[in-house]
Amino acid sequence: MSKRLIQNLAKIISKQVDRFNQTEVECLIREFYAILGQTTSTGKSSLDERKFRSILTNEFGLTNNTIMERVFRTFDKDNDNFVSSKEWVEGLCVFLRGTLDEKIKYCFHVYDLSGDDYIAREEILLMVRNCLRLHGEEDPYDSIKDLVEITLKRMDHDNDDRLSFEDYKKSVKELNIVLEAFGTCLPNATSINHNFSTLAFQTYLFDVFCCQEVWRS
Amino acid sequence: MLHYLSCLPFLFRCLLAARGGILLASVMGTLLTKVAKWSSEDKLDSTALNSLLLKDIMLFVEDFSALHPHEAEILFEEPLQWNSTLVASDFEADYDINESGEVESQEKDENGCPTLELSPPNISVRNFNQLSNLMNMENDKRLQEVQACIEENRTPLVKILGESYANMQKAVKIDKGEGHKQDSDIKMKLLRLLLDMGKQTVRKLLKEISEKFRLNPAFVDQEVEYLQGFCGSGENRVLKSVQYTSDYEYPNGCRAPLWRQIEGEMCYLVIEPYDTETLYITCSSAGVFLNLGVKDEGDDGAYKQASEVFKNVVTLLKNKSQLFAENLTSQGPLRTPKLVDAQTQLSLKRINKSATPSQREEDKTSEFDDTQKGARSKNISHFSESSYAEQLSSMKLKSQLQPGEVFSETSSESDQSYEEEEQPARRQRNTDYPSEYWQIQKLVKYLRAGDQTATLLTLYALMDYDLTHETYHLAMQDSGGLKVLTNILHLDEVNLQLGSLQILRDISHNAQTRRAIVDNGGLRSIVNVLDSRNKDVKALAAETIANLTSFRRARRTVRKYNGISKLAKLLDCAPDLANVDAKQEKDVEVARFGVLALWSCSRSPKNKEAIHKAGGVPLLGRLLKSPQMNMLIPVVGILQNCADEESCKDAIQTEGMIKDLVQNLSNDNDELRIHCANVIFKCAENKRTRTLVNENKGLQALVSLLGKTDNKKLMAAATGAIWKCSLSPENLDVFQEHKVLETLIGLLTNQPEEVLVNVVGALAEFAQKPANKITIRKCGGLKPLVHLLVGRNEPLLVNVTRVVEACATDLDNMAIIQELDAIRWVWSLLKNPNPEVQSSAAWALCPCIENAKEAGEMVSTLMGAMELVIDLLKSTNDDVLASMCAVIAKIAKDKYNLAVLTDYEVVSLLAKLTDKPGDLLRCHLAQAIAQCCTWRNNRAAFGEAGVVPHLALYLKSSDMKVRHSTVMALHQLSKESNNCVIMHSEGVVKPLIHFMGSDDEKVRNAAADCVRNIRLLFPGQSRAKKSTPCM
């Protein structure tokens, strides 16, 4: 894609997101097309799930397949199984610079596997099924169930045996660290900068650096 | 055992008295009345000590007539009479026995009365000869007889020698005085024999007892360990805590500062019972008693005894704490073995723990392989779940291997293993733990085995418990959860770090857990995350460190891992603390926790240094402008601690902090004011600082604090600052405007010693001005001052004597001082073991002797006064020596007293000092020599002792005072021709001629006269040179 087009696109999108300036948006779009261009030669201008997940793993260190699928679904707002450049920038807006409330909304959306606005016990179990590796013969499943039970009990403020958005929000407000309680779905706060400088972004490192400087000032 | 211990204080006192030589005579009499254990009115208890005592007396009497035949013949003033079990048949030759079984000795006195009469069961003996005879009878009744004799003659000394002799004071005075004519010398001798015997017996008993039964540090240690078994917050709690005040243990096992150890004190305990106020306890070798609140070293007033003496801590506690007494009786003596059991169990457990790691390691490695295989088969990128687990498991592997390391670490630090806070004494272990215990153990297991998500959820669950409950701490320690928590900090996961730190922060309020964290090396991990980019992590880490560093080893650990400079970096927040924007607010909050941590750390001397080196002081100066009280107090707290360091004092001044400190003196918060005043107190020894305080109107602020008489700490700090500020004369003027002197005098009564020290210190500075001396008198300050001379607080005594010294130069003051008998008190301070007290008392004596009416007579009537001075001439402290020389120079002005001093060989003692360095000493030594030379014979004696060559050297001193007083001394010495010869050969003539041009008329005359004396001996100098070339 030509530089001109990207700039135009950036101009349009940057009006819709408030946390990135135009230069930054431009960088992100450039990055978007770079990933796209690396892997495909078709004219498609959207990321499919496979490619998106490889970015999540390589750039942001997400590993849990269940969660990654949900992250993709959350980015893909129009449910067309592709992440467009606009969705990409908007998603990253929360992903990289979201406020706590936005992140709570985002995480809840990710964890609500069935999309019924509640996180049920089974959903949690599915997300954390591999989280314990007890040594010996012990079956970790019981322990995981135990742990989930304790967590659910503590977070379920209205005692309906499942987590509503309000339950979840209240718990996170009480103790921020449980934002990603059921699996990492945001980039590690301290490693955002670090990850920006990994291989994929290498070519735009300078630009991104500039963006950040501009943004900071 | 009880009995011996209760005797000990007395025994020690006896021994001390005996050494002092003054109360010598009391020994024999009191030996029987006090040392011996009397049960009911007249019966001696049959204790081991008593039989020892009786045996000693028996042996003494047995040999008496053989060893001292003359003394043995002296008739007792009154016969010793008692109910005897002896019968006529026990007596052999030399005795007349009649039919009724009555016995009379053939030995008769001048009036023909027999010296021994027995009419069973009554026996009456009138001299030692007969007593010896009785003791020499070969039968088993001897001890019985001695006992009966002592029981029925409670004042044997009076009966034997009569009232006048037995009364110790008089006896000694007679003894020491010009001699005793009317009573026979033999009687004196007898007295001395008896006294010696008493003294020896006491010594012997003392040795015997101290070997067997003396309270020793090990015993106290055991007791403390035992008592700590009662500590805790559980249901059966009896005591809150039992702690030593000092963690430093001297090689002899004592913890008291050396100057207290001389008093026999070993250590100090602070015990908090649940039902009464905190008990401050002194453990001395004589027993234990309450003191006035010894918290840590340096607080001198607190050592005073505030209760009777108990034989051990348990007894004292039983007496003071009802709850403890009940608990002890209900649990009975079974408690000790239980405690021991619990401890062996614990140590067994430890052994098991340290034995298993290899096996666990195997487990781990096999699991390790699994994960690696899994990783390969799944063939996913390196940033996978398994890599995380790997990371965590390798971290945890380390923690498994830790025990060995931990043990070696602790053993290397074992010499310092005693800390100022309570020792981790485990409560007795039950098998029936509450269910929380097992749940926490289970969670810790998850923590070990979980990935990031599980760890987070587990931390979340762990935070849900009551973190202050003891079960939590026990479970955490037992499961190794603390180690896992601190290992989590190594992971680069902010959420996990935050979760772990939150738990660590809250549980580090528990002393045992603190210790466990530090022992496990957890503090290092916490110090490391101070570098984190996340501000919450930094703040939490700093807060946790502030909690953990309540004991010395933790503080040292922080320093070791560079924690001080990391904390100091946190202080660098906003440039202008008065105007902080929203973004900086967070930084300021982080800085506040950094300050809290540093405050806690700054209790260790080396950390003070480290804070300064890390550039912390200027940063603190910046924070000092903060309007937040919770920031200011710790900041000034650190400054107060750091102000012990010279370099910090300078920095505080040069960084312009004095202004802010002074401003904060007018703050409403008393705690802040206390710290501020204390910083000024510590820093105001610097002249520039004092001026700055004045320039910033700090003196007025300090004066206004004097009204807060109810807050003792504030009073102590404020008066301290006033004291140090009054070192500048211009500040004195300011104080005078505010009538501070009058206020201070008013504070002399009803204030605790820590305030008094400073008040009196300030008075000493004020009294340097003549007008103030009059004010002190007019305001009635002298009387309370003189009363303070009786105390035992050494810094206070030093200050009081300084005031007396200054006041005594005023004749009207002197009259009052003399009237109050202050000179006697000051003089008795020479007996104080502290050289500082000795010398300042001596300096105070100089103007007193000079200005007192009939000073000479007064000195000679003070018992043992001159001996004290003479004794202190053997001191090793130069200041003491100088002051003693000054006192001697004053005493020697009286002819009679000089004669006494001469008898005490003052000449040779002074002569020995002549080769010592130090201008102050030399100046006063020369004066003393000059004064002593007014006694003719002394001149020659000094010459023979070889002082002249030394004095000749003094003439080259750079100090004018030394040179002048040396000239005076040489002048006196030159009246003896032999000295002149030596002076001449030492070449003093030339410098003396120089002194003849001195401004001081006395010096001029003395030099001239001295040269004249030398010249008279050497009429033709050149001729003399020829005839005695080798001179």
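Residues numbered from 1 in each chain as written. Chains lettered and ligands numbered in written order. Predicted model: local features only at pLDDT ≥ 70, side-chain atom pairs only at ≥ 80, totals over all residues. Heavy atoms only, no water.

**Some thoughts on the overall build of chain A**
Within chain A, the regular secondary structure consists of 11 helices and 4 strands. In chain A, which comprises 217 residues, the proportion classed as buried is 50%. (Helix = DSSP H or I, 4+ residues; strand = E, 2+ residues; numbered from the N terminus. Buried < 20%, exposed > 50% of the residue type's maximum accessible area, 1.4 Å probe, protein only.)

**Looking at the interface of chain B and chain A**
In this assembly, 33 residues from chain B lie in contact with 30 residues from chain A. Where chain B abuts chain A, roughly 3000 Å² becomes buried across the two surfaces, and 58% of that area is made up of carbon and sulfur atoms. The tally of links from chain B across to chain A stands at 2 salt bridges. Ionic pairing is found between Arg154(A) and Asp464(B), a salt bridge with its closest N-O pair at 3.3 Å. Counting across the interface, chain B meets chain A through 5 residue pairs in polar contact (both at pLDDT 80 or more). At 8 residues, helix H19 (residues 452-462) of chain B tops the list of elements feeding residues into the side of chain B that touches chain A. (Contact = heavy atoms within 4.5 Å. Buried area = accessible area lost by both parts, 1.4 Å probe. Salt bridge = Lys/Arg side-chain N within 4 Å of Asp/Glu carboxyl O. Polar contact = N/O pair within 3.5 Å; in protein donor to acceptor, adjacent residues only side chain to side chain.)

**So, the pattern of salt bridges**
Per the counting criterion, the structure on display carries 34 salt bridges over all chains. The partner of Lys708(B) in a salt bridge is Asp670(B), with the nearest N and O atoms 3.3 Å apart. In this pair, Lys708(B) sits in the loop between helix H36 (698-705) and helix H37 (712-725) while Asp670(B) sits in helix H34 (residues 670-683), placing the two residues 38 residues apart along the sequence. Assessed through its relative accessible area of 26%, Lys708(B) is described here as partly exposed. Of the residues examined, Asp670(B) reaches a relative accessible area of 22% and is grouped as partly exposed. What emerges from the salt-bridge pattern is a single network uniting Glu49(A), Arg53(A) and Arg73(A).

**Some thoughts on the nonpolar core**
Ranked by size, the top nonpolar core spans 297 residues in total, and within it Val71(A), Trp88(A), Phe182(A), Trp827(B) and Leu910(B) carry the most contacts. Of the residues forming this core, the biggest block, 10 residues, is contributed by helix H49 (residues 878-891) of chain B. Residue contributions to this core reach at least three from each of two domains, namely domain 1 (3-98 + 187-212) and domain 2 (102-180) of chain A. The residues contacting Trp827(B), other than those within four sequence positions of it, are Leu845(B), Ile849(B), Val859(B), Leu862(B), Ala865(B), Leu868(B), Val869(B) and Ile891(B). Of all hydrophobic cores here, the second largest spans 40 residues; its members include Leu54(B), Ile74(B), Val125(B) and Leu131(B). (Core = buried A, V, L, I, M, F, W, Y, C linked by side-chain atoms within 4.5 Å. Domains from an automatic or database assignment.)

**Quick word on the sheet that holds strand S5 (residues 122-127) of chain B**
What holds strands together in a sheet is hydrogen bonding between their backbones, with the strands either parallel or antiparallel. Residues and elements named next belong to chain B. If you walk across this open sheet you meet the 5 strands as S1-S5-S4-S3-S2, and the pairing is antiparallel. Both edges of this open sheet fall to strand S1 (75-83) and strand S2 (95-97), since each of them pairs with a single strand only. Direction aside, the axes of adjacent strands within the sheet are offset by 10° on average. Taken together, the 4 bridges between strand S4 (residues 116-119) and S5 define a ladder with antiparallel strand orientation. Note on S5: the bridge partner recorded for Leu 116 is Val 125. Against the sheet, helix H5 (residues 128-136) touches S1, S2, strand S3 (103-105), S4 and S5, its axis set at about 125° to S5. (Pairing = 2+ DSSP bridges. Axes fitted to C-alpha atoms, helices over the stretch in contact; angles between N-to-C directions.)

**Side note on unusual backbone geometry**
One non-glycine residue, Asn79(A), adopts positive backbone phi at about 55°. By secondary structure assignment, the location of Asn79(A) is in the loop between helix H4 (65-75) and strand S2 (83-84). Of note in this structure, Glu854(B) is not a glycine but carries a positive phi near 45°. Among the secondary structure elements, Glu854(B) is positioned in the loop between helix H46 (835-851) and helix H47 (855-861).

**Quick word on the confidence of the model for chain B**
Residue and element names in this part refer to chain B. When pLDDT is averaged along chain B, the result is 77, and 79% of the positions lie at 70 or above. Under a pLDDT of 50 for its full length, residues 1-28 has, in the predicted model, 58 contacts with residues more than four places off or in other chains. Scored below 50 in pLDDT, residues 1022-1031 makes 4 contacts in the model with residues more than four places away or belonging to other chains. (pLDDT = per-residue confidence, 0-100.)

**Concerning the sheet that holds strand S9 (residues 287-290) of chain B**
Residues and elements named next belong to chain B. Strand order in the open sheet formed by 4 strands is S6-S7-S8-S9, with antiparallel pairing between adjacent strands. Each having just a single partner strand, strand S6 (239-244) and S9 make up the two edges of the open sheet. Recorded for the sheet is a direction-independent mean angle of 25° between the axes of neighbouring strands. Contacts from helix H11 (residues 217-228) reach S6, strand S7 (265-273) and strand S8 (279-284) within the one sheet, and its direction differs from that of S6 by about 155°. Across the sheet, helix H13 (residues 313-320) lies against S6, S7, S8 and S9, angled at about 150° from S8, the strand it touches most.

**Observations concerning helix H3 (residues 49-60) of chain A**
Residue and element names in this part refer to chain A. A rise of 1.5 Å per residue sets the reference length of H3, with its 12 residues, at 16 Å; its end C-alpha atoms lie 15 Å apart and thus fit the reference within 8%. For H3, the complete set of buried residues consists of Lys 51, Phe 52, Ile 55, Leu 56, Thr 57, Glu 59 and Phe 60. A positive phi of about 70° marks Gly 61, the residue just after H3. (Expected span 1.5 Å × (residues − 1).)

**Looking at the pairing of S7(B)**
Residues and elements named next belong to chain B. Of all 9 residues making up S7, 8 are buried, and the element is well covered by its neighbours. As paired strands, S6 and S7 are joined by 5 bridges and run antiparallel to one another. Following the sheet pairing, Val 242 is matched in S7 by Ile 271. In the sheet, S7 pairs with S8 via 6 bridges, with the strands oriented antiparallel. Bridge pairing links Glu 265 to Ser 284 in S8.

**A few points about the side chain of Lys649(B)**
Residue and element names in this part refer to chain B. Within the fold, Lys 649 resides in helix H32 (residues 646-654). Classification of Lys 649 as buried rests on a relative accessible area of 11%. Setting aside residues no more than four positions away along its own chain, Lys 649 makes contact with Ala 643, Lys 682, Cys 683 and Glu 685.

**Looking at the packing of H34(B) against H37(B)**
Residue and element names in this part refer to chain B. Following both chains from N to C, one finds H34 and H37 inclined at 30°, their axes separated by 8 Å at the closest point. What the angle tells us is that H34 and H37 run roughly parallel. The element H34 and its partner H37 pack so that their crossing is left-handed. Contacts between H34 and H37 involve Asp 670, Arg 673, Ile 674, Ala 677, Asn 678, Ile 680 and Phe 681 from the first element and Lys 713, Leu 714, Ala 717, Ala 718, Gly 720, Ala 721, Trp 723, Lys 724 and Cys 725 from the second. Within the contact of H34 with H37, the residues separate by chemical class into 10 nonpolar, 2 polar and 4 charged. (Parallel < 35°, antiparallel > 145°, perpendicular 65-115°, else oblique. Left-handed = near helix turned anticlockwise from the far one by under 90°. Nonpolar A, V, L, I, M, F, W, Y, C, P; charged D, E, K, R; others polar.)

**Considering the state of the cysteines**
Inspection of the entire model under this criterion finds 0 disulfides over all chains. Cys807(B) takes part in no disulfide bond, and the closest cysteine sulfur to it belongs to Cys848(B), at a distance of 9.7 Å. (Disulfide = S-S within 2.5 Å.)

**A short note on helix H52 (residues 919-932) of chain B**
Structurally, the α-helix is built with 3.6 residues per turn, so residues lying three or four positions apart point the same way. Here H52(B) is 14 residues long and its end C-alpha atoms lie 20 Å apart, about the 20 Å a rise of 1.5 Å per residue gives. For H52(B), the full list of buried residues reads Leu921(B), Cys923(B), His924(B), Leu925(B), Ala926(B), Ala928(B), Ile929(B), Ala930(B) and Cys932(B).

**Some details on the environment of Arg533(B)**
All names here are of chain B. Looking at the element boundaries, Arg 533 is found in the loop between helix H24 (522-528) and helix H25 (535-548). When its relative accessible area of 60% is taken as the criterion, Arg 533 is described as exposed. Separated by 39 residues in sequence, Arg 533 and Val 494 have C-alpha atoms that sit 9.3 Å apart.

**Things to note about the environment of Leu175(A)**
Locating Leu175(A) in the fold gives a position in the loop between helix H9 (165-174) and helix H10 (192-196). With a relative accessible area of 10%, Leu175(A) lands in the buried category. Residues within four places of Leu175(A) in sequence aside, it is in contact with Tyr460(B), Met463(B) and Gln502(B).

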